[in-house]
Amino acid sequence: MERTVWIVRDHLRCTGCRRCEIACSLHHEGRIWPEASRIRIFMPFPGVEVIHLCAQCDDYPCVEACPVEALRVDEKTKAVLVDRERCTGCEACIEACPGQVPFLHPGDGKAVICDLCGGDPECVKVCVEAGYRAIYAVEEEVNVNRKLFARPPLEVAQDIAVNLYGEKGLEVI
Amino acid sequence: MPRGYAGKILDVDLIEGRIREVKLPWKTLEDFFGGRGLAAKILWDRLGDHWSEVDPLGPENLLIALTGPLTAFYPGSRVCVSGKSPLSNGVVGSTTSTEFAMELKAAGYDGVIVSGRAEKPVYLLITDEGCDIRDAGHLWGKTGEETIRLLNREVREELQRSRRGPQREPGILYIGPAGENKVRNAAVMTKLFHAAGYGGYGAVMGSKNLKAIAAKGFSPLPEVAAPETVRILWREVHRELIKRDRMRRWGTGYGGYYVAADTSSEPVRNWQEEWHDERRFGGPNFQFRFWVKPYHADFNCTTSCMKISCIKTGRWKGDITDMPDYELEAYLGPNLGIFNPEDVVHLSAVIDNLGHSGINIGNTMAFAAELYQRGILTEEDIGFKLEWGDAEAFDRLAHMIARREGIGDILAEGTYRAALKISEMKGVDALRYAVVAKGIGIGAHGIRSGRDYPAIHSYCCSVQGGDHTSIAYNPIDHMRSELTTILHDSGVYCMFNIYPPGVFDLLWDFFTAVRGWRLDPEEWYSTQARRIIHIQRAALLLGGPDVRWRPWLDDVNPERFYEPLPTGPYRGMAPGKGRVEEEVKRYYQLIGWDERGIPKSEELQRLGLDSVNRKLEEIR
């Protein structure tokens, strides 16, 4: 099978510094713009940090769901690319995604999905540089497990909260 | 056009329910930056002409929360909370790390000024669409944990009504029960275990019936003057921070042992000692039993000095707090005669949830325990035995203070005012056991051994009293001087992030690249910082309406600091009164104050602070 870049994510190692969001938005927007970052850290309770970005499902339900063919899979990286000219902001991709990962850009209202920076993701660089490795890049075969990472952030948060805080974790989200 | 700023500030009057957007003149931003400096300026302009009459807990006082030009750009984002302090009656700039700062800027505001008093509990919700005053009846009385959970859920659900997909939670400043009940040293809390602790601004929020301020921004951060330079400096500073391995690994959480064992400067039993060699109170005992997240940080920070602790077993199962950090380790540990890590983690979680300032509540409770030790306060006065080392007793006392029950009502006035009251009640001098400066509990770094904080006038000359992050120091253009802290508190970023070698030098360029005005160190120390410190000093000396500090006579160390250290390798050491007086006088000269510590007339005129000069005539 073909090997592609994938961003490994380990929520329990995330510190919540959100330098990934800074690096992402500087790269894509030329500004620090956390709400336009393709990777977003949800923090529903202190300590419970959830790394939320495209999981690159093997069957691409978002691409399937787009009614105007604004989404396509990049041949080289297998990342989902958004054609911003075509996108109407209809939200079908958000609905179709099992993790509700895509969102509408706070500036122009078009869908936003991680494009892996063409295969060398900026977010990964700053996280690895800091020694956290909450996210890091691997090259490996496309597999069905990837889709399991596409989960709504609050659902993930409930798991992490228990992992961190035991029984108390059941109450905090 | 000023860069790095959102360009407007919210001005909220809770009496009328009126909300205005204020644009500050460039000149004001150029001179006073943001945070602490800008807060001092705003407070002076609005309240300076009748400062002594303003009740810090009355509707006329202002509760100010300001970011600065470097907030969210420079590593370690913070917000600065200020107002007229109910502890010192002066102006304290109290900063805390929080996403609130970044969210506020992303929503398009550099800060919030709140005046008046709401009839019923309210909270403010700030978004890109503006500010809304909301009912907070359901949040009043709630602990930190409950407040965060309820408010996060409420705001998230509201955002989700107009936006598809999961929405992120807001940044929140809030108060716990201590602030609601106007405990004078209550903190403004954020993120469960972060606090703007010095100054007592939790009580100011409580006096306004203001439970919380939540902010969620969807816009980019403001434009900077030189984006590419900022990007390069940002990476460079982070690279240096990342190399600082020990700070990142341990945070300050290993201090509970070494600040006592090594430098003899940790408060033990209300500062009766500053040394201990309790190895069971060492960092590893906290780390391996309680830390569940060994690297935790706030927006744009790689120092990750925060480590999250959780108790997983036993009667205190489910307690969550930070490591605790050194200050709370010391103040809720050895200073209460406690040397058991689990007790300290528990007490730290208790005071976080109640919204006390950890340093100041530890200071006040230890003061009470020493009075109990000396038989000045009795079991009858307190309702139970208050023995050193009894964590359950201090847990109980912390709750009584937060609810102002029994003796808690007196102790809720803070150590200094409680000492005055108890002296009167009991016919003794209780003030000699109060380890405070200008009404503010002294941070957990003693000056007697000379091995930790080298300046013996660190606290007694500070315009923020006992605040261990803002100390008097000679020379005044030193990295540790109060004038340097004013820079950090006015640019509003974390002072922990300027310490690696070389980074302090980059800081000036960082300011210049963000703001677009050249920041010259010489000008800062001779002009800009002086304006800010003189306003703070003037406010402190004008004081009132209850307590007023006497020029010169009250610039002394607490009695305890003149007693020789009784134990440890530095036994016998304590700087004498004569030496302290000399240092104080030298400091006055360096900073531009007269022989009684009042800012000199010609100095104020040079800096264009004519109204401050006129007002100070009252006490010259």
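Procedures and definitions
- Residues numbered from 1 in each chain as written.
- Chains lettered and ligands numbered in written order.
- Predicted model: local features only at pLDDT ≥ 70, side-chain atom pairs only at ≥ 80, totals over all residues.
- Helix = DSSP H or I, 4+ residues; strand = E, 2+ residues; numbered from the N terminus.
- Rg over C-alpha atoms; globule rule 2.2 N^0.38 Å.
- Buried ≥ 20, exposed ≤ 12 C-beta atoms within 10 Å, placed from the backbone.
- Contact = placed C-beta atoms within 7 Å.
- Core = buried A, V, L, I, M, F, W, Y, C linked by C-beta atoms within 7 Å.
- Domains from an automatic or database assignment.
- Pairing = 2+ DSSP bridges.
- Axes fitted to C-alpha atoms, helices over the stretch in contact; angles between N-to-C directions.
- Nonpolar A, V, L, I, M, F, W, Y, C, P; charged D, E, K, R; others polar.
- Expected span 1.5 Å × (residues − 1).
- Arc of directions from axis to C-beta.

### Topic: the overall build of chain B
Secondary structure summary: chain B contains 23 helices and 17 strands in total. Against the globule reference of 25 Å for 620 residues, chain B gives a C-alpha radius of gyration of 23 Å, in line with a compact fold. For the C-alpha atoms alone, the extent of chain B along its principal axes is close to 60 × 60 × 50 Å. Taking all 620 residues of chain B together, the buried fraction comes to 62%. Nonlocal contacts in chain B, meaning residues at least 24 apart in sequence, comprise 71% of its contacts between residues at least 6 apart.

### Observations concerning the nonpolar core
Side chains that are nonpolar tend, in soluble globular proteins, to be buried together. Residue and element names in this part refer to chain B. Among the nonpolar cores identified, the biggest contains 267 residues, and Y123, I126, V188, A212, I213, A214 and A398 are the most heavily contacted of them. Here the element with the most residues in this core is helix α20 (residues 521-542); it accounts for 10 residues. Shared between two domains, this core holds at least three residues of each, these being domain 1 (9-216) and domain 2 (244-441). Here A212 is in contact with Y123, A136, L139, T147, L151, I172, L173 and Y174, once residues within four sequence places are set aside.

### Focus on the sheet that holds strand β2 (residues 18-22) of chain B
In a beta sheet, neighbouring strands pair by backbone hydrogen bonds and run either parallel or antiparallel. All names here are of chain B. Taken in spatial order, the six strands make up an open sheet running β2-β1-β6-β3-β4-β5, and their pairing is mixed. In this open sheet, the two edge strands, each paired with only one partner strand, are β2 and β5 (94-97). Adjacent strand axes in the sheet meet at a mean angle of 20° when their direction is disregarded. With three bridges joining them, strand β3 (residues 63-66) and strand β4 (residues 78-82) adopt antiparallel strand pairing. Following the sheet pairing, A65 is matched in β4 by V81.

### Side note on the interface of chain A and chain B
Taken together, the contacts link 38 residues of chain A with 35 residues of chain B. Where the side of chain A that touches chain B is concerned, the elements lending two or more residues are α1 (19-29), β2 (40-45) and α5 (153-165) of chain A. Considering only residue class, the side of chain A that touches chain B consists of 22 nonpolar, six polar and 10 charged.

### Considering helix α4 (residues 144-162) of chain B
Given a rise of 1.5 Å per residue, 19 residues ought to cover 27 Å, and the 28 Å separating the end C-alpha atoms of α4 of chain B matches this to within 8%. Taken together, the buried positions of α4 of chain B are G144, E145, T147, I148, L151, N152 and V155 of chain B. Angularly, the buried residues of α4 of chain B cover 155° about the axis, an arc narrow enough to put them on a single face. Along α4 of chain B, exposed side chains directed more than 90 degrees from the buried face belong to E157, Q160 and R161 of chain B. Those residues of α4 of chain B that are buried lie in contact with β2 of chain A together with β7 (122-127), β9 (171-174), β10 (188-190), β12 (210-216) and α12 (341-354) of chain B.

### A short note on the domain arrangement of chain B
Residue and element names in this part refer to chain B. For chain B, the assigned domains read domain 1 (9-216) and domain 2 (244-441). Contact with domain 1, which involves 32 residues of that partner, is made by 32 residues of domain 2. With three residues, the single largest contributor to the side of domain 1 that touches domain 2 is helix α5 (residues 177-180). Across the side of domain 1 that touches domain 2, the residue classes break down as 15 nonpolar, 14 polar and three charged.

### Quick word on the environment of I7 of chain A
All names here are of chain A. Among the structural elements, I7 can be located in strand β1 (residues 3-9). Sequence-wise, I7 and V138 are 131 residues apart; in three dimensions their C-alpha atoms are separated by 6.4 Å. With near-sequence residues (within four places) excluded, I7 lies in contact with L53, P121, V124, I135 and A137.

### Here we look at the sheet that holds strand β14 (residues 306-310) of chain B
Residue and element names in this part refer to chain B. The antiparallel open sheet is built from three strands, whose spatial order is β13-β14-β15. In the strand order of this sheet, the two ends are held by β13 (291-296) and β15 (320-322), each with one partner. Averaged over all neighbouring strand pairs, the angle between strand axes comes to 20°, with direction disregarded. Bridge count for β14 against β15 is three bridges, and the pairing is antiparallel. Looking across to β15, one finds that S309 is bridged to T321. Its contacts with the sheet place α12 against β14 and β15, and it is angled at close to 95° to β15.

### Here we look at the pairing of β2 of chain B
Pairing of strand β1 (residues 9-13) of chain B with β2 of chain B, which is carried by five bridges, proceeds in the antiparallel orientation. Residue I9 of chain B lies in a different strand from β2 of chain B, and its bridge partner there is V22 of chain B.

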